[in-house]
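Survey of secondary and tertiary structure
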Amino acid sequence: MANDIKISIKNLYKIFGPTPDVALEYVKRGMNKADLQDKQNHVLGLRDINVDILDGKITVIMGLSGSGKSTLIRHLNRLIEPTAGEIRLDGKNVLELNEEQLRQLRREQMSMVFQKFALLPHKTVLENAGMALNIRGSDVTDFEQEAVKWLGRVGLEGNEQQYPHQLSGGMQQRVGIARALVSNSPVMLMDEAFSALDPLIRSDMQDLLLELQEELQKTIVFITHDLDEALKLSDHLVILKDGEVVQQGDPQDILLNPNDPYIVAFINDINRARVLRVRSIMKKHVDNDAEYAGDISERDNLETVLSRSGGDTDKVFRVVRKGEMVGSLCMKDLTRALVPTGVSTPNNHKG
Amino acid sequence: MATYDSLFSALGLKEWCAEGKQDGPMSMADLLAKAKGDNAEPESLWDFPFPSMDVLNDSCAAFPQSRELTKGLEQGFLAVKDNLSLVLDPMTQPLSWALDGALYGMLTVPWWIIIPIMLAIVFLVTRSWKLVLFVAVSICLLAFVDYYEYAMQTLAIIFVCAFLCVLLGVPIGIAMSRSDTMQRLTIPILDMLQTLPPFVYLIPLIFLFSVTESKLYGIAIILYAIVPVVRLTNLGIRLVDKDVIEAADAFGMTPRQKLFKVQIPLALPNIMAGVNQTIMMSLAMVVIASLVSAPGLGVLVLRGIRNLELGVGLVSGLGIVILAVILDRVTKASLARINASQNQ
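Overview of the sheet that holds strand S2 (residues 43-54) of chain A
Strands in a sheet are paired, the pairing made by backbone hydrogen bonds, and the direction either parallel or antiparallel. Residue and element names in this part refer to chain A. If you trace the 4 strands from one edge of the open sheet to the other, you get S2-S1-S4-S5, paired in antiparallel fashion. This sheet does not close on itself; its edge strands, each paired only once, are S2 and strand S5 (92-93). Relative to S5, strand S4 (residues 84-89) runs antiparallel, the two being bridged by 2 bridges. Along S5, the bridge assignment pairs Arg-88 with Asn-93.

If you want it as structure tokens, here you go:
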């Protein structure tokens, strides 16, 4: 169940301009973004996007501004109509829905969290949180219990009767998340949800999201321009550049095997020791023969292991998952994994 | 022999011109010219006349004079007038009832009920005791100098007209905000209503309705005062935060829900600013409308002008200023209250 495909995006194109169909032909023949803009006066939004979004996982779509990530997420609930391609939710083509069905989908299948919170300024926190249920026709007394429950869950107990402008940015976004949770939809779309928050609060919110996700197992599509955030949250990472997918896959894998100079430039700036986890670089075996300096979890990051080893590169640790040994990690491999990667360097570290 | 004779003969229209020759009524200018006996051609280029309708008529009698134009307009209007009032009369009759009813109500209910009710309304919309006190003092002052009745008439007319302006203007503004075509069509009309001197549309109204009917000045006031509320409703809805609208869409609101739950509440500060302007413009117009029998302080101003009663004119002018300040302060205070509950 866990690895079923929830949303499947196939050959999705988006071109902005007066005659996108004509421009689409040029794009399919291989015209690039700059030429399309100069010669055809159309803006290429997305080109041939193929992404499978897994049920119950966090898929992070990362890219710089202008890479089309916000455009992409708005295609999932058709706030933007694609030029060509298909989007399937549970196997059903979203693009074939009529207005009423689409409204139903937005109400019951997908909820959204916005970068600028987009709360209703004239409604209380409680009414904002219950907005999705209110739209479906219930009034405050009906949704109060549900809304209060989720507001409490995101840490806003006692703020129910305040107005959004009385809250800080972080708290407003908590309302935004509560609003999405109250709608009880299986899919949550988060459009740069934490980008407007300051770093400490952002980190808090990321922890909150992971904590909620542990429990709720929603299908989350998260947009960000911040690689650290992407690596922290993602089960599946999609990197966009100029409207095209440059690389997608397991984030640890992308970190160790970047296939594009663009990604290399990105990952050179991050703290590899904090992001890489033991499971990505350990040797997988169950032979309990050698001398081990100690047990580490496969989910530990390399920074933790480094501090435990005290800088001694001769040590070998035993890697365990739920008490059982799953492999070993040699400190030399760890050091090697910390060397900045070039494009598609052969990877010897993975067991 | 007039200046443009040669032109008509060159065009071969001499015969056509001759057909029009008849001894119609002479214009004043003709009479004067005849009396002076000055029928000569211009002496130099300096006096060369512009080929206006009257000058061309001098050369060619079949050519219409400019007074034919105004006369034609007048006759055209008179011709459609009966049919027009057949449609407009019943449509606007409720306005007469509303105005007469409001005037009757304001004047028959004793002052010791009206004044407290008004103060209660002021408190309800502004929640400010200071303002209530100010309004109480102002109205008592007007009542003390025996202008209570006139002031209440003016207020009654303003309430009815401003209410109708909002009732009609807000939906028009909403329609404009939803369709660019509607906006393109409506803006020239609004521009015209706003720039046309108010006296000008009093004239056709006098022809259409009888001066004894109160809807005559009602319509004049509404036409003049409706513009700001329409404009600001349109603007307010168009200025609603795009992100909030997107959120409303993303959560599956119907267009109707979006309008009533998001757009109108968020546009309310702008709509209220429009209502404030509308009320102030009704007040301006209610004074002018006294020319066409609107009762109230305007009548006294008019008396001041006509009979050169300086004192009456000044005191009633002051009364209008007081009413204006009251209406402005009260609507602005309620606007500020709405703003305070909405700032992000």
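There's plenty left to go through after this.
A closer look at the packing of helix H5 (residues 66-108) of chain B against helix H8 (residues 148-178) of chain B
Residue and element names in this part refer to chain B. Look at H5 against H8: their axes get within 9 Å of each other, and the N-to-C directions meet at 145°. Handedness of the H5/H8 crossing: right-handed. Contacts from Ala-98, Leu-99, Ala-102, Leu-103, Met-106 and Leu-107 in H5 reach Glu-149, Met-152, Gln-153, Leu-155, Ala-156, Ile-157, Phe-159 and Val-160 in H8. Taken together, the residues of the contact of H5 with H8 break down into 12 nonpolar, 1 polar and 1 charged.

Section: the packing of H8(B) against helix H11 (residues 214-238) of chain B
All names here are of chain B. As a packed pair, H8 and H11 sit with axes 7 Å apart at the nearest point and diverge in direction by 40°. The angle between H8 and H11 falls in the class oblique. Between H8 and H11 lies a crossing whose hand is right-handed. Tallied by class, the residues present in the contact of H8 with H11 amount to 18 nonpolar, 6 polar and 1 charged.

What to know about the interface of chain A and chain B
Contacts between chain A and chain B engage 19 residues on the former and 18 residues on the latter. Of all the elements in the fold, those that place two or more residues in the side of chain A that touches chain B are helix H4 (99-108), strand S6 (110-113) and helix H6 (131-135) of chain A. A per-class count over the side of chain A that touches chain B returns 10 nonpolar, 5 polar and 4 charged.

Describing helix H15 (residues 310-340) of chain B
All names here are of chain B. Look at H15: 44 Å from first C-alpha to last across 31 residues, which is about the 45 Å you get at 1.5 Å a residue. Along H15, the positions that sit buried rather than exposed are Ser-316, Gly-319, Ile-320, Ile-322, Leu-323, Ile-326, Leu-327, Val-330, Thr-331, Ser-334 and Leu-335. Against the buried residues of H15 lie helix H6 (111-126), helix H7 (129-144), H8, helix H13 (255-288) and helix H14 (297-306).

A few points about the pairing of strand S8 (residues 219-224) of chain A
Residues and elements named next belong to chain A. In terms of residue burial, S8 counts as a mostly covered element, since 6 of its 6 residues are buried. On S8, burial covers both faces: Thr-219, Val-221 and Ile-223 on one face and Ile-220, Phe-222 and Thr-224 on the other are all buried. Taken together, the 5 bridges between strand S3 (residues 58-62) and S8 define a ladder with parallel strand orientation. Across the sheet, Thr-59 pairs through a bridge with Val-221, a residue of S8. Two strands pair when backbone bridges link them, and strand S7 (residues 187-191) and S8 are joined in this way by 5 bridges, in the parallel orientation. Residue pairing in the sheet places Leu-189 in a bridge with Val-221 of S8. A crossover links S7 with its parallel partner S8, the connecting element being helix H9 (residues 199-216), and its sense is right-handed.

Let's talk about the sheet that holds S3(A)
Residue and element names in this part refer to chain A. The strand order S6-S7-S8-S3-S9-S10 describes an open sheet built from 6 strands, whose pairing is mixed. Both edges of this open sheet fall to S6 and strand S10 (244-249), since each of them pairs with a single strand only. Direction aside, neighbouring strands of the sheet carry axes that sit 15° apart on average. Against the sheet, helix H3 (residues 69-76) engages S3, S6, S7, S8 and strand S9 (236-241), with an angle of about 155° to S8.

Some remarks on the pairing of S6(A)
Residues and elements named next belong to chain A. Here S6 shows no split at all, with Met-110 and Met-112 on one side and Ser-111 and Val-113 on the other all buried. Bridge analysis of S6 against S7 gives 4 bridges, and the strand direction is parallel. Note that in S7 the partner of Met-112 across the bridge is Leu-189.

Here we look at the environment of His165(A)
All names here are of chain A. Structurally, His-165 is set in the loop between helix H7 (140-153) and helix H8 (169-182). Residue classification places His-165 among the partly exposed residues on the basis of 14 C-beta atoms within 10 Å. Each C-alpha atom, one on His-165 and one on Ala-118, is 12 Å from the other, the two residues being 47 residues apart in sequence.

Describing the domain arrangement of chain B
The domain boundaries assigned to chain B delineate domain 1 (5-64) and domain 2 (72-343). For domain 1 of chain B and domain 2 of chain B, the distance between their C-alpha centroids amounts to 51 Å.

Some details on the nonpolar core
In terms of nonpolar packing, the biggest core is built from 165 residues, with Ala178(A), Cys161(B), Ile221(B) and Ala225(B) touching the most fellow members. The element contributing the most residues to this core is H8(B), with 15 residues. Setting aside anything within four residues of it in sequence, one finds Ile221(B) in contact with Ile157(B), Cys161(B), Ser282(B), Met285(B), Val286(B) and Ala289(B).

Conventions adopted
- Sequence order sets the numbering: in each chain, residues are counted from 1 along the sequence as written.
- Here the convention is simple: chains get letters from A, ligands get numbers from 1, in the order in which they are written.
- Residue-level local features of this predicted model are given only where pLDDT is at least 70; pairs of side-chain atoms are given and counted only at 80 or more, and the full residue set underlies all totals for whole chains, interfaces and linings.
- One requirement defines pairing of two strands: DSSP has to find at least two bridges between them.
- Only DSSP runs of H or I covering at least 4 residues are called helices, and only runs of E covering at least 2 are called strands; the numbering of each starts at the N terminus.
- The axes used here are C-alpha line fits, helices contributing only the stretch in contact, and every angle between their N-to-C directions lies in the interval 0 to 180 degrees.
- If you view the pair so one helix is near and one far, a crossing is left-handed when the near helix is turned anticlockwise from the far one by less than a right angle, and right-handed when it is turned clockwise.
- Residues are scored as being in contact if the C-beta atoms we place from backbone atoms lie within 7 Å.
- Side-chain classes are defined by residue name, with Ala, Val, Leu, Ile, Met, Phe, Trp, Tyr, Cys and Pro counting as nonpolar, Asp, Glu, Lys and Arg as charged, and the others, Gly among them, as polar.
- Under this scheme an angle from 65 to 115 degrees is roughly perpendicular, one under 35 degrees roughly parallel, and one over 145 degrees roughly antiparallel; angles in between are oblique.
- Take the residue count of a helix, subtract one, and multiply by 1.5 Å to get its expected span.
- Partly exposed residues are those falling between the two cut-offs: more than 12 but fewer than 20 other C-beta atoms within 10 Å of their own, whereas 20 or more means buried and 12 or fewer means exposed, with C-beta atoms placed from the backbone.
- Crossover handedness is defined here as right-handed if the route from the first strand over the helix to the second strand goes clockwise, with the strands pointing away from the viewer.
- Boundaries between domains were set according to an automatic or database domain assignment.
- Under the definition applied here, buried Ala, Val, Leu, Ile, Met, Phe, Trp, Tyr and Cys residues are grouped into a nonpolar core through C-beta atoms within 7 Å.

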